[in-house]
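Descriptive analysis of the structure
Each chain, written out:
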Amino acid sequence: MNVYDSEIIAALLQEKGLEEVTSPEKADVVLLNTCSVRELAEQKIHTRLGQLRIIQETTNPTMIMGVVGCMAQNLKKSLLQKKPYITFILGPDSYRNIPKILTSNRTSSRVIDTHLSSMELYDGLFPARHEGINAWISISRGCDKFCTYCIVPYTRGRERSRSSESILQEAKRAIDKGFVEITLLGQNVNSYRSSSGGFSELLLQLAQLSGLKRLRYTSPHPQDMNDDVIAVHKDYYPVVCDHIHLPLQSGSNSILKAMNRTYTWEHYLSLVEKIRSAVPTMSITTDMIVGFPGETEKDYEDTLDMMEKVRFDAAFMFKYSPRPGTKAAILVDTVPEDVKSVRLNRMIRLQNKHTLEKNQALIGKKVEILVEKESTKNPYEMMGRTSTNKIVIFPALKVKPKDLITRTITDAQGVTLFSKP
Ligand code: SF4
C-alpha cells in the first residue's frame with residue numbers, strides 16, 4: 001500500500017514540475033512515507049530520519065524533510081516536537097496538499113495535516129510508476145474491521161471503495177504502459193463494494209482486460225471471502241492467479257475473539273477446503289501473530305494444530321507488539337518476551353517444514369513462470385514467479401522479462417524452486 005501511495009505522491013510532485021533524483025544529497029525535498037503497523041517499522045523511520053538529518057547538516061542544508069503516511073497520522077505533534085528539522089507532517093488522506101505546501105511555504109513554517117477524510121480515494125490521479133512487471137492498484141482505502149491489535153482503522157480512517165470505472169481506467173493505462181501483472185490492494189481488499197458490484201464483479205471485469213497476463217490481490221479478510229470470488233478464481237485461471245494470502249492470525253477461537261477477527265478456526269478451515277476443492281493447485285499463505293495478550297500454551301498449540309491442518313505454502317509470522325491507541329494496547333501483555341520468542345521460533349520451524357514439503361511436491365511438475373529479471377546471484381540464470389507466487393530460478397536462455405514460459409521444476413530449497421536443464 002505504501003509503494004502505491006508513494007507512486008501517487010510522486011505523480012502529484014511531477015505534476016508540479018518536480019523531478020525524481022537518485023539520492024537525498026541531491027534532493028530539494030525528501031519525503032518519508034511511513035508505516036505504523038508494527039513497532040519495528042516505526043523504529044526504522046526514526047533511524048532513517050537520523051541519517052537524513054546528518055545529510056542535511058553536512059551536505060544539503062536546504063533540504064526539506066516531510067513525514068507522511070500512517071506514522072505521521074499516528075504520532076503527529078510529538079514527531080515534530082522531537083524532530084524540529086521536519087518541515088511537515090501529513091496523514092494518508094492529505095497528500096494532495098504536498099505541492100501547495102512546497103510552493104507556498106518552502107521552509108518558513110511547519111505544517112501538520114492529519115485530517116482523515118471519508119471521501120479521499122485519490123481518484124483521477126495516475127500513479128508515477130517505474131517501469132516493471134507488476135502494477136499495484138489500490139481499490140479501496142481505510143478499514144472498518146477494527147481488529148483489536150491493529151492501528152490501521154485509526155491511521156487510515158473508514159473504509160471506502162473507488163468506482164470500478166476509475167479502477168478499470170487505471171488498469172488499462174498500466175497495461176498500455178507495459179505492465180503485465182496487476183495486484184489489487186486494499187486494507188481489506190475483498191470487502192470492496194461499488195455501485196457496479198462487489199469484489200468478485202470487479203475481479204471478473206479486470207480479468208477480461210486484453211494484455212493482462214496475471215491478476216492478484218492482497219489482503220482479503222476471511223469473513224468477506226465468498227463463493228463468487230472463489231468461482232472467479234476457478235473460471236478465470238490462469239489470469240486470476242491460484243494464490244490467496246488469507247490472514248489467519250491465530251488458530252484459537254478465544255484469541256480470534258479477543259482479536260475481534262470475526263471468524264472461527266472452523267470457518268477458516270471450511271473456507272480453505274472450499275477454495276482447494278474449487279482450485280486444487282491454489283497456494284494459500286497467511287499472517288500469524290504469536291503472544292497476543294491472554295494467549296495460553298493451549299491457544300498456541302491450537303494454532304500450530306491449525307497450521308498442520310491447513311499446511312500453508314508460506315506465512316508471515318510475528319511476535320505481538322502493542323500499538324498505542326488500539327484496544328489491545330490496554331490489555332495486560334501476559335506473554336513474556338522470551339516465551340513469545342520461543343513460540344515464534346517453533347512456529348517458523350514448522351512453517352519452514354511445510355513450505356519445503358509443499359515446494360518439494362512440485363519437483364517433476366511443469367509450472368508456468370512469469371519471467372521477472374536476471375538472478376542476483378548468477379548472470380546466467382533468471383528468476384520468475386509461478387502463478388502460485390513462488391520464486392523459480394532457471395537458465396537465462398532465450399527468455400526476457402514479461403515472458404510467460406513453462407518449465408519443469410527440478411529442485412526446491414526453502415522458499416525457492418529451481419528448474420535446471
Ligand atoms: S482487517 Fe483488521 S488487521 Fe486488517 S487492516 Fe483492518 S483492522 Fe487491521
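Residues numbered from 1 in each chain as written. Predicted model: local features only at pLDDT ≥ 70, side-chain atom pairs only at ≥ 80, totals over all residues. Heavy atoms only, no water.

The subject of this paragraph is unusual backbone geometry. Residue S219 is reached from T218 by a cis peptide bond, and omega for that bond is -10°. The residue S219 is located in the loop between strand 11 (214–218) and helix 8 (227–236) in this model. With an omega dihedral of 10°, the bond running from Y237 to P238 counts as a cis peptide bond. Structurally, the position occupied by P238 is in the loop between helix 8 and strand 12 (243–245). Located in the positive-phi region is Y122, a residue other than glycine, with phi close to 55°. (Helix = DSSP H or I, 4+ residues; strand = E, 2+ residues; numbered from the N terminus.)

With that out of the way, let us pick up the site of the ligand. As a structural note, the neighbourhood of the ligand is formed by C143, K145, F146, C147, Y149, C150, V152, P153, Q187, H221 and R261. By residue class, the composition of the shell around the ligand is seven nonpolar, two polar and two charged. (Near = heavy atom within 4 Å. Nonpolar A, V, L, I, M, F, W, Y, C, P; charged D, E, K, R; others polar.)

As for its position among the elements, I175 is in helix 6 (residues 164–176). Expressed as a C-alpha distance, the spacing of I175 and V332, which sit 157 residues apart in the sequence, is 50 Å.

The next thing to look at is the packing of helix 7 (residues 199–207) against helix 8. Close contact between helix 7 and helix 8 brings their axes to 8 Å; oriented N to C, the two are set at 15°. In terms of orientation, helix 7 lies roughly parallel with respect to helix 8. For the element pair helix 7 and helix 8, the recorded crossing hand is right-handed. Here helix 7 contributes F199, S200, L203, L204 and A207 to the contact with helix 8, which in turn contributes D228, V229, V232 and Y236. Taken together, the residues that form the contact of helix 7 with helix 8 break down as seven nonpolar, one polar and one charged. (Axes fitted to C-alpha atoms, helices over the stretch in contact; angles between N-to-C directions. Parallel < 35°, antiparallel > 145°, perpendicular 65-115°, else oblique. Left-handed = near helix turned anticlockwise from the far one by under 90°. Contact = heavy atoms within 4.5 Å.)

So, on to the sheet that holds strand 13 (residues 283–290). In space, the three strands of this open sheet follow the order 12-13-14, with parallel pairing throughout. A strand with exactly one partner marks an edge of an open sheet, and here the two such strands are strand 12 and strand 14 (314–319). Strand-to-strand twist of the sheet, defined as the mean angle between neighbouring strand axes without regard to direction, takes the value 10°. Here six bridges tie strand 13 to strand 14, and the two strands are oriented parallel to one another. For T285, the partnering residue across the bridge sits in strand 14 and is A314. (Pairing = 2+ DSSP bridges.)

It is worth spelling out the domain arrangement of the chain at this point. For the chain, the assigned domains are domain 1 (2–113), domain 2 (129–241), domain 3 (277–361) and domain 4 (366–418). Placing the centre of domain 3 and that of domain 4 at their C-alpha centroids yields a distance of 29 Å. The partner domain 4 presents eight residues to the eight residues of domain 3 that form the contact. Regarding the contact of domain 3 and domain 4, the summed buried area is about 550 Å², with carbon and sulfur atoms giving 51% of it. It is S283, L356 and N359 that lose the most area in domain 3 upon contact with domain 4, and together they represent 69% of the buried surface on that side. The interface formed by domain 3 and domain 4 includes one salt bridge. The salt bridge partner of D313 is K390, with a shortest N-O separation of 2.7 Å. Between domain 3 and domain 4 we count four residue pairs in polar contact (both at pLDDT 80 or more) in total. Broken down by element, the side of domain 3 that touches domain 4 gets its largest block of residues, five residues, from helix 12 (residues 337–360). Considered class by class, the residues forming the side of domain 3 that touches domain 4 number one nonpolar, five polar and two charged. (Domains from an automatic or database assignment. Buried area = accessible area lost by both parts, 1.4 Å probe. Salt bridge = Lys/Arg side-chain N within 4 Å of Asp/Glu carboxyl O. Polar contact = N/O pair within 3.5 Å; in protein donor to acceptor, adjacent residues only side chain to side chain.)

Bringing the layout of surface pockets into the picture now. Once rolled over the atoms, a probe with the size of a water molecule shows which space is left empty. If you add up the space inside the second largest pocket, you get close to 960 Å³. Lining the second largest pocket are 32 residues, and of these A10, L13, E20, V21 and L31 sit closest to its centre. Secondary-structure elements contributing two or more residues to the lining of the second largest pocket are helix 1 (2–15), strand 1 (29–34), helix 2 (39–58) and strand 5 (134–138). It is helix 1 that contributes the most residues to the lining of the second largest pocket, seven residues altogether. Looking at the lining of the second largest pocket residue by residue, the classes come out as 16 nonpolar, eight polar and eight charged. (1 Å grid on protein atoms, 1.4 Å probe; cavity = no way out; pocket = protein on both sides within 12 Å on 5 of 7 lines; lining within 4 Å. Points joined across faces, edges and corners; volume = space filled by probe spheres on them.)

Okay, helix 11 (residues 297–310) next. The first and last C-alpha atoms of helix 11 sit 20 Å apart over 14 residues, in line with the 20 Å expected at 1.5 Å per residue. When helix 11 is considered as a whole, its buried residues turn out to be D299, Y300, T303, L304, M306, M307 and V310. Mapping the buried residues of helix 11 onto a view down its axis gives an arc of 155°, with all of them on the same face. For helix 11, the elements touching its buried residues are helix 9 (253–258), helix 10 (265–278), strand 13 and helix 12. R311 lies just past helix 11 and shows a positive phi near 55°. (Expected span 1.5 Å × (residues − 1). Buried < 20%, exposed > 50% of the residue type's maximum accessible area, 1.4 Å probe, protein only. Arc of directions from axis to C-beta.)

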